[in-house]
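What the coordinates show
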Amino acid sequence: MDKIYLLIRGSKGKSPHERTNEMTSKKPFTVRLKQDFVKQKLVAIESDLAESKLGLSEQDLRTLEDQVSVIFHVAASVKFEAPLEINMRHNVVATKELLELACNFKKLLCFVHVSTAYSNCQLRQIDERIYPMKVPEDPMGVQVTKAMIENRPNTYTYTKAMAENVASKYAARLNIVIVRPSIVMSSLKEPAEGWVDTINGPVGLSVLGALGILQKIKVNSEVVFDLIPVDIVTNALVSIAWAATEKRDEFLPGSPPSLAGVETNNNSINNNNIIRANGHECGVDTSVGPIEASSHVPADGSICCVASKEIKTRPLDGAVRVFNLTTGAENPCSFYHYFSVGREEAYKKPSTRALRPLLTIPKQKGMNPIQYWIHKIFSHLLFAYIVDTLLSLFGQKKMVIKAVKRMHHANDMFDYFCSNQWTFVTDNVKRLRELQTPLDRKTFNCDVRAIEWRSYAQVGWLGCRRFILNEDDASFNYAKRRYRIVCLLYYVMKFVLLLSLTSLAMYCIGSPLVRAMLLTPFYGIIYLL
C-alpha cells in the first residue's frame, strides 16, 4: 500500500489535516494503529460534497487521477429530515460529480458506491438489482411530488435510490458496485469491541434509555431489527472491491447492460492507494487471487478508494453488481431481543450519569398515538423541565430539554423503520463468502451468520459507555452504587409527592368523590414521571 487519501472537509475552524490527526489520535485507534504508519500512509485532502467537483484543488485532483485505483464512495447526507435540495446535492449531484471525475482516473479498477438497504423501502422484498427511476437532467431544479417519492418516508431514501440509478448509468465506463448495508451499528471486534462514534438513530436512543431520559420507545418489538456491525460492513466493502474486480462474472448483474459493445480495460495496477472522505483509515495490500492482508476499517459515512497490486480486471459488461448487506434473512434479531439484552447489561453496568431508572422495553407491537403522546408530554418533557429547572437553580447548564426534543425527533424519524419489516435477497453476498479463502474469511470476516446477538448487544452497551459517554470501566462499582441511590431517591420523591397531594386534597376537599376525580390525573402524572 502506497497512500491512503482521506477526503475530508474543514470544520469548526479545524483544517482537514487537524481533523484527521484528531480522529487517529483517539482510542481505540491509538492502540490498533501505529502512528508512524498513519503519518506515512494517510494523506488528508480537503473536499466538500456541497461544492463543485467536490471542492478538490487541481493539484489534488491530478494526484488522485494518477494514483487511485479503487474508490469507496460512502460520503452522504444521512439526515432523514433534511430539505430536498441538501440531500439532492450531497447524495445525487455529488455522486454524479465523483463518477465524472473517476472516469479520468488512470488506474481505476473499481468504484464502490455505498447506498442503503432502505433506498427502495416502498417495496417489501428488495432484490440485488437497480430499481429504475427517472433521473432529472437538473436534480437541483426538480420539484418532487409524493407520487415521485413512491411512498418512501423521507428525502434521504429517495435521493439514495436516485444516486443508485445515477451510478448505474456509468457502468459502461466504470466497474460499478453498489453496496446496501442495513442499519449500521457499533463494531463487533474492530477497531475495538463495541466501538461507535455517532449518536444517530438507535445508538442515541440506547444511550438516552440507559440514562433514564428515554422511558418509552415507539417501536414494534416483534419485527426484525436488521442491524449490522460496522466492522462487518467495512470488511465486506474491501472484499467486494476485490471480488467485483477479479471475479465480477461470479455475481448476478444488478441492472441490464447500459451500453452494448463496451470497451474493455485489462490494465494491471502496480501501486496500492486508498482514498476516503470524512472517515478513518482504510487499507489493504492485495495480490493476485485472494486478499491476504490485515485490515481494520471502521466505516462512518465517507468516500474510500483502494488500489491493489497486479489484480487482473474483467471486461466490463455494462451492468452494475449490487450487494444487499443485511442480517435479517440469515440471522434475524428482533427489536425486543436487542434492546432488552442491552437494558440488562446497562442495569448491571450502569452509567455514572443516570438520572432515573432505565428505559422500559415494550413487548407489544407498539403504542397507539395517544399513549405515545401522553408519554412524550409527561414521561419525557415534564421530567426534562423539572431537571433543567433544578440545574438552573444550582447554576448548571440546561441540557435535558434539548436532549429530549432531539430524542423525540429521532424516534419519529426512525419510527417507520422500527414498525415495518423487509425481506432482503442476499445471493451476491452469499457468493462473496464462498469465494473467500479461509484466511480471507478470518481477516475480512463478513459472515453475519456468526453474530451472536446477545453478546453483541452487551458489547454494544459497553461501547456506548466507553466511546459515547467516555466512562471508564473502572467506574463500574461507583456507577452501581450511584444508580441504586438515584433509583431510591426517585421512588422516594414520587411517594412523597403522592402522599403530599393526598394529604392536601383530604385537608381541602371534603367530598370523597370530588377528591378522587381531582387526584386521579395527578396520580397518573406522577406515575409517568
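All values derive from a computational prediction rather than experimental measurement. (Residues numbered from 1 in each chain as written. Predicted model: local features only at pLDDT ≥ 70, side-chain atom pairs only at ≥ 80, totals over all residues. Heavy atoms only, no water.)

Observations regarding the pairing of strand β11 (residues 321-325)
Quick note on the threshold: Exposure is judged per residue with a 1.4 Å probe applied to protein chains only, and the accessible area is read against the type maximum: over 50% gives exposed, under 20% gives buried, and values in between give partly exposed. The helix and strand labels rest on DSSP assignments: H or I over at least four residues marks a helix, E over at least two residues marks a strand, and numbering proceeds from the N terminus. A pair of strands counts as paired when DSSP detects no fewer than two bridges linking them.
The buried count for β11 comes to 5 of 5 residues, which makes it a mostly enclosed element. Alternating positions in β11 separate into two faces, R321, F323 and L325 on one and V322 and N324 on the other, with burial throughout. In the sheet, strand β6 (residues 176-181) pairs with β11 via 5 bridges, with the strands oriented parallel. Bridging across to β11, V179 finds its partner in F323.

Focus: the pattern of salt bridges
Filter applied, for reference: The term salt bridge refers to a pairing of a side-chain nitrogen on Lys or Arg with a carboxyl oxygen on Asp or Glu at a separation within 4 Å.
Evaluation of the coordinates by the stated rule reveals 19 salt bridges. Here R431 makes a salt bridge to E434, at a shortest N to O gap of 2.8 Å. Taken together, the residues R431 and E434, both in helix α13 (residues 427-435) and 3 residues apart, mark about one turn of the helix.

With respect to a nonpolar patch on the surface
Put simply, the rule reads: Patch definition: residues above 30% relative accessible area lacking any salt bridge, with like charges linked at up to 9 Å and the nonpolar side chains Val, Leu, Ile, Met, Phe, Trp and Tyr linked at up to 5 Å. Using a 1.4 Å probe, accessible areas were evaluated by the Shrake-Rupley method; residue-level cover was limited to the displayed protein chains.
Nonpolar side chains collect at one region of the surface, where L488, V492, F495, V496 and L499 lie side by side and expose about 490 Å² of accessible area between them. With respect to the helices and strands, the residue V492 is situated in helix α16 (residues 476-508). Relative accessible area serves as the criterion here: at 42%, V492 is assigned to the partly exposed category.

Comments concerning the side chain of D231
Using the following cut-off: The charge count treats Lys and Arg as positive and Asp and Glu as negative. His and the chain ends do not count. In protein, a polar contact requires one atom able to donate a hydrogen and another able to accept it; more generally it is a pair of N or O atoms within 3.5 Å, and residues adjacent in sequence count only if both atoms are side-chain atoms. Whether two residues touch is decided by their heavy atoms; if any such pair falls within 4.5 Å, the residues are in contact.
Structurally, the position occupied by D231 is in helix α9 (residues 230-246). Salt bridges are absent for the buried D231, whose nearest opposite-charge side chain, K189, sits at 7.8 Å. A polar contact is formed between the side chain of D231 and the backbone nitrogen of K189, at a distance of 2.7 Å. A polar side-chain atom of D231 sits 3.0 Å from the main-chain amide nitrogen of E190. Here D231 is in contact with S187, L188, K189, E190 and N445, once residues within four sequence places are set aside.

Focus on the packing of aromatic side chains
Stated formally: Side-chain rings of Phe, Tyr and Trp, where Trp is taken by its six-membered ring, are said to pair if the distance between their centres is within 6.5 Å; with planes under 30 degrees apart they count as stacked, over 60 as edge-to-face, and otherwise as tilted. The criterion is that NZ of a Lys, or CZ of an Arg, lies within 6 Å of the ring centre and within 35 degrees of the ring normal, and then a charge sits over that ring.
Evaluated as defined, the whole model comprises 19 aromatic pairs. These aromatic residues form a ring-pair network of at least three members: F80, Y118, Y156, F414, Y416, F417, W422 and F424. Cation over ring: R356 sits above F383, and NZ or CZ is 3.6 Å from the ring centre.

Considering a positive patch on the surface
Formally: For the purpose of locating charges, the reference atoms are NZ of Lys, CZ of Arg, CG of Asp and CD of Glu.
A surface patch of positive charge is lined by K79, K397, K402 and R406. Within the secondary structure, K402 sits in helix α12 (residues 400-419).

Notes on α13
One full turn of an α-helix is made of 3.6 residues, so residues set three or four places apart face in the same direction. The following threshold applies: Picture the helix axis, draw a direction to every C-beta atom, and the arc is the one those directions span.
Along α13, the residues classified as buried are N428, V429, L432, R433 and L435. The buried residues of α13 occupy one face: seen down the axis, they fall within an arc of 160°. Turning to α13, the residues buried within the fold contact α9, β11 and α14 (438-443).

Quick notes on the packing of helix α10 (residues 335-348) against helix α15 (residues 453-468)
Operational definition: Working convention: axes come from line fits to C-alpha atoms, limited for helices to the stretch in contact. Angles between N-to-C directions cover 0 to 180 degrees. By the definition adopted for this analysis, an angle is roughly parallel if under 35 degrees, roughly antiparallel if over 145, roughly perpendicular if from 65 to 115, and oblique otherwise. Crossings are sorted by hand: turned counterclockwise from the far helix by less than a right angle, the near helix makes the crossing left-handed, and turned clockwise it makes it right-handed. Residue type decides the class: Asp, Glu, Lys and Arg count as charged, Ala, Val, Leu, Ile, Met, Phe, Trp, Tyr, Cys and Pro as nonpolar, and the leftover types, Gly among them, as polar.
Where α10 meets α15, the closest approach of the two axes is 8 Å, and the angle between their N-to-C directions is 55°. By the angle class used here, α10 and α15 are oblique. As α10 runs across α15, the sense of the crossing is right-handed. Each of H337, Y338, V341, G342, E344, E345 and A346 in α10 lies in contact with α15, whose residues at this interface are W453, R454, Y456, A457, Q458, G460, W461 and L462. Partitioned by chemical class, the residues of the contact of α10 with α15 number 8 nonpolar, 4 polar and 3 charged.

Concerning unusual backbone geometry
The omega torsion of the bond from E190 to P191 falls at 0°, within 30 degrees of zero and hence cis. Within the secondary structure, P191 sits in the loop between β7 (183-185) and α8 (202-211). The backbone of K53 shows a phi angle near 55°, a positive value even though the residue is not glycine. Assignment of secondary structure puts K53 in the loop between β2 (42-46) and α4 (58-67). The phi dihedral of N470 is positive, around 55°, even though this residue is not glycine. Position of N470 relative to the elements: it lies in the loop between α15 and α16. Assessed through its relative accessible area of 61%, N470 is described here as exposed.

Here's the deal with the environment of P136
Its location among the elements puts P136 in the loop between β5 (125-126) and α6 (146-149). Measuring from C-alpha to C-alpha, the distance between P136 and M162 comes to 9.4 Å, with 26 residues separating the pair along the chain. In this view, P136 contacts V142 and M162; residues no more than four positions away in its chain are not counted.

Remarks on the environment of L497
Structurally, the position occupied by L497 is in helix α16. Take L497: its relative accessible area is 34%, and that puts it in the partly exposed class. For L497 and Y523, which are 26 residues apart along the polypeptide, the C-alpha to C-alpha distance reads 9.1 Å.

Some details on the confidence of the model for the protein chain
The line we're drawing: One number per residue, pLDDT, summarises how confident the predictor is, and it ranges from 0 to 100.
Of all residues in the protein chain, 87% have pLDDT values of 70 or greater, and the mean over the chain is 83. Low pLDDT, under 50, characterises residues 259-302; the stretch is placed with 176 contacts to residues that sit more than four places away or in other chains.

Here we look at the environment of K405
With respect to the element layout, K405 can be found in helix α12. We classify K405 as partly exposed; its relative accessible area is 48%. Through-space distance from the C-alpha of K405 to that of H380 is 9.0 Å; in sequence the pair is 25 residues apart. Filtering out sequence-adjacent residues up to four positions away, K405 remains in contact with L381 and Y385.

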